[in-house]
Amino acid sequence: MIKIALMNAEEYQTYLTSAIKYYAKEKVLSGNWKQEEAISKAEAEYTKLLPQGEKTERNFLYTIRKDDVAVGVIWLAQKSEKLGFIYDIHISEQYQGNGYAKEALKQIEIVGQELGLKKIGLHVFGHNLVARGLYEKVGYKTTNVLMEKDI
């Protein structure tokens, strides 16, 4: 159905620009950051996590393709010898709802197994019910829940 291929430098730059904006927006929506600080904080996070961009050691950034069309991205980091973490999975809006994310998650498990990983974790914003449903369907289990209330 789809295939994943490591990003090249041009794909990474396109990804980075959109990922920073999206992450900043999600952090504001979740109440973690203020609008005026969100972009600079998101840029700092990406610089810290990917200091060498798409060539950062133990980080695997893939373009998700359907035929020859890029439909999304998935980023797996090897956190330890046995633990991986999906920092990002995103399907472009016009391609959502076609099962591409589900298939990409299956393919990233194969990558993880080839790396010797025994477990893969991920983070999902509480307000993202669609993503939470997808992750549960493919076998991810909730390990922590953080809650807040404005007073």
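Treat the numbers as computed from the prediction; the structure is a model and nothing was measured.

Novice: Describe the nonpolar core, and please don't skip the residues or the numbers.
Specialist: Of all hydrophobic cores here, the largest spans 22 residues; its most connected members are Ile4, Ile64, Ile74, Ile86, Ile89 and Ile108. Of all the secondary structure elements, the ones that give two or more residues to this core are strand 2 (59–66), strand 3 (69–78), strand 4 (83–91), helix 3 (100–114) and helix 4 (129–137). Among the elements that line this core, the one with the most residues is helix 3, at six residues. With 16 residues, the next largest nonpolar core counts Tyr15, Ile20, Ala38 and Val73 among its residues.

Novice: Any details on the pattern of salt bridges? Residues and values, ideally.
Specialist: Pairing between side chains becomes possible if they bear opposite charge and their charged atoms approach one another. Here the structure, examined in full by the defined rule, presents four salt bridges. Close ionic contact of Glu11 with Arg65 constitutes a salt bridge, the shortest N to O distance being 2.2 Å. Residue Glu11 is located in helix 1 (residues 9–29), and its partner Arg65 is located in strand 2; the two are separated by 54 residues in the primary sequence. Residue Lys82 pairs with Glu81 through a salt bridge whose shortest N-O separation is 3.8 Å.

Novice: How would you sum up the layout of surface pockets? Please name residues and give values.
Specialist: Approximately 380 Å³ is the volume attributed to the second largest pocket. Lining of the second largest pocket is provided by 16 residues; of these, Thr14, Tyr15, Ser18, Val73 and Ser92 occupy positions nearest its centre. For the lining of the second largest pocket, the elements supplying multiple residues, two or more each, are helix 1, strand 3 and strand 4. When its residues are assigned to classes, the lining of the second largest pocket shows six nonpolar, seven polar and three charged.

What counts and how
Residues numbered from 1 in each chain as written. Predicted model: local features only at pLDDT ≥ 70, side-chain atom pairs only at ≥ 80, totals over all residues. Heavy atoms only, no water. Core = buried A, V, L, I, M, F, W, Y, C linked by side-chain atoms within 4.5 Å. Buried < 20%, exposed > 50% of the residue type's maximum accessible area, 1.4 Å probe, protein only. Helix = DSSP H or I, 4+ residues; strand = E, 2+ residues; numbered from the N terminus. Salt bridge = Lys/Arg side-chain N within 4 Å of Asp/Glu carboxyl O. 1 Å grid on protein atoms, 1.4 Å probe; cavity = no way out; pocket = protein on both sides within 12 Å on 5 of 7 lines; lining within 4 Å. Points joined across faces, edges and corners; volume = space filled by probe spheres on them. Nonpolar A, V, L, I, M, F, W, Y, C, P; charged D, E, K, R; others polar.

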